[in-house]
Amino acid sequence: MVAIALTASESFACSPAFKPWWWNKKVNMSRDCSFVGGGRDDFLGGEPAQDLGAGRISQVVSDFGAETAVVSDCETGEQVQVNGFWREAESAACQSSTKVVRYLKPNGSLDLSLGASIKELSSEIVSLGYSVRQGVTFDDRRARPRDYPDFFCGCKLYYPDSPGAKL
């Protein structure tokens, strides 16, 4: 009986803990645009926004099992998500299945300031073998508005007069 209980608990070790709807907290954003408690189950978190220059900002966002970089153009209001590579060994150990930070400059070779537009940046990144998704589309179908962080927060911080700062 004990062996069965241990086996069952190991199988759920990587699963997100169930929380009732009333447990969910409002996303908590800091002045540097970092945040915790985003998404329907409060698993979404973001590092401080980074100024890429030329009206663009980036932010690394972690979700349960994935890490992505969000690049926002404060002039056009366009955004793209840049995903790392699938790492099967890491997902088996309950760590992030995709990690993008290790590839970003200055430690890596991925430069999020490439191209004159989000479309050109996306093309450059895809040509390097990364996957991208236009816009910010974290899968939170049942999330409430209070669960979503402000992905244009960096525009307000670094480019306060830009159109993106007003979104």
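Residues numbered from 1 in each chain as written. Predicted model: local features only at pLDDT ≥ 70, side-chain atom pairs only at ≥ 80, totals over all residues. Heavy atoms only, no water.

From N to C terminus, the protein includes four helices and ten strands. Along the protein, from the amino end to the carboxyl end, the secondary structure elements read α-β-β-β-β-β-β-β-β-α-β-α-β-α. Counting all 167 residues of the protein, 38% fall into the buried class. Sequence-distant contacts, at least 24 apart, represent 49% of the contacts inside the protein between residues at least 6 apart. Carbon together with sulfur atoms contributes 58% to the accessible area of the protein, which is approximately 9800 Å² in total. (Helix = DSSP H or I, 4+ residues; strand = E, 2+ residues; numbered from the N terminus. Buried < 20%, exposed > 50% of the residue type's maximum accessible area, 1.4 Å probe, protein only. Contact = heavy atoms within 4.5 Å. Areas by Shrake-Rupley, 256 points an atom, 1.4 Å probe, with all protein chains shown as cover.)

Attention now goes to the confidence of the model for the protein. Here the protein averages 79 in pLDDT, and 72% of its residues register 70 or above. Here residues 1-13 is a poorly scored stretch, pLDDT under 50, and it has one contact once near neighbours within four places are set aside; other chains count. Of the regions scoring below 50 in pLDDT, residues 88-93 engages in seven contacts with residues more than four places distant in sequence or in other chains. (pLDDT = per-residue confidence, 0-100.)

Every buried residue of helix α3 (residues 118-127) is accounted for by Ile118, Leu121, Ser122 and Ile125. Projected onto a plane normal to the axis of α3, the buried residues spread over an arc of 100 degrees and lie on a single side. Residues Lys119 and Ser127 are exposed on α3 and point more than 90 degrees away from its buried face. Those residues of α3 that are buried lie in contact with β5 (56-63), β6 (66-73), β7 (79-83) and β10 (131-134). (Arc of directions from axis to C-beta.)

A few words on the side chain of Ser34. Counting through the fold element by element, Ser34 comes out in the loop between β1 (28-29) and β2 (35-38). There is a polar contact of 2.6 Å between the side chain of Ser34 and the side chain of Asp32. Apart from the residues within four sequence positions on either side, Ser34 is in contact with Asn28, Met29, Gly46, Glu47, Pro48 and Gln59. (Polar contact = N/O pair within 3.5 Å; in protein donor to acceptor, adjacent residues only side chain to side chain.)

Once that is clear, we can look at the packing of aromatic side chains. Going through the model one piece at a time under the given rule, you end up with two aromatic pairs. Aromatic pair Phe35 and Phe151: ring centres 6.0 Å apart, planes at 85 degrees, arrangement edge-to-face. Of this pair, Phe35 sits in strand β2 while Phe151 sits in the loop between β10 and α4 (153-158); the two residues are 116 residues apart in sequence, bridging distant segments of the chain. Accessibility expressed as a relative area gives 9% for Phe151, which makes it buried. Seen in terms of ring centroids, Tyr103 and Tyr130 are 5.7 Å apart; in terms of plane orientation they differ by 70 degrees. Their pairing is edge-to-face. Of this pair, Tyr103 sits in the loop between β9 (98-99) and α3 while Tyr130 sits in the loop between α3 and β10; the two residues are 27 residues apart in sequence, bridging distant segments of the chain. As far as the burial class goes, Tyr103 and Tyr130 line up, both buried. (Phe/Tyr/Trp six-rings, centres within 6.5 Å; stacked < 30°, edge-to-face > 60°.)

Regular strands show a simple pattern: their side chains alternate between the two faces of the sheet. Both strand β4 (residues 50-53) and β5 contribute to a ladder of three bridges, which runs antiparallel. Along β5, the bridge assignment pairs Gln50 with Ser58. Hairpin geometry of β4 and β5 is characterised by an intervening segment of two residues between the two adjacent antiparallel strands and by a positive phi of about 55 degrees at Ala54. (Pairing = 2+ DSSP bridges.)

Turning to the nonpolar core, a few remarks are in order. Counting 14 residues, the largest nonpolar core has Val71, Val80, Val82, Leu110, Leu112, Leu121 and Ile125 as its most contacted members. Every element with two or more residues in this core is listed here: β6, β7 and α3. Counting residues per element, this core draws most heavily on α3, which supplies three residues. (Core = buried A, V, L, I, M, F, W, Y, C linked by side-chain atoms within 4.5 Å.)

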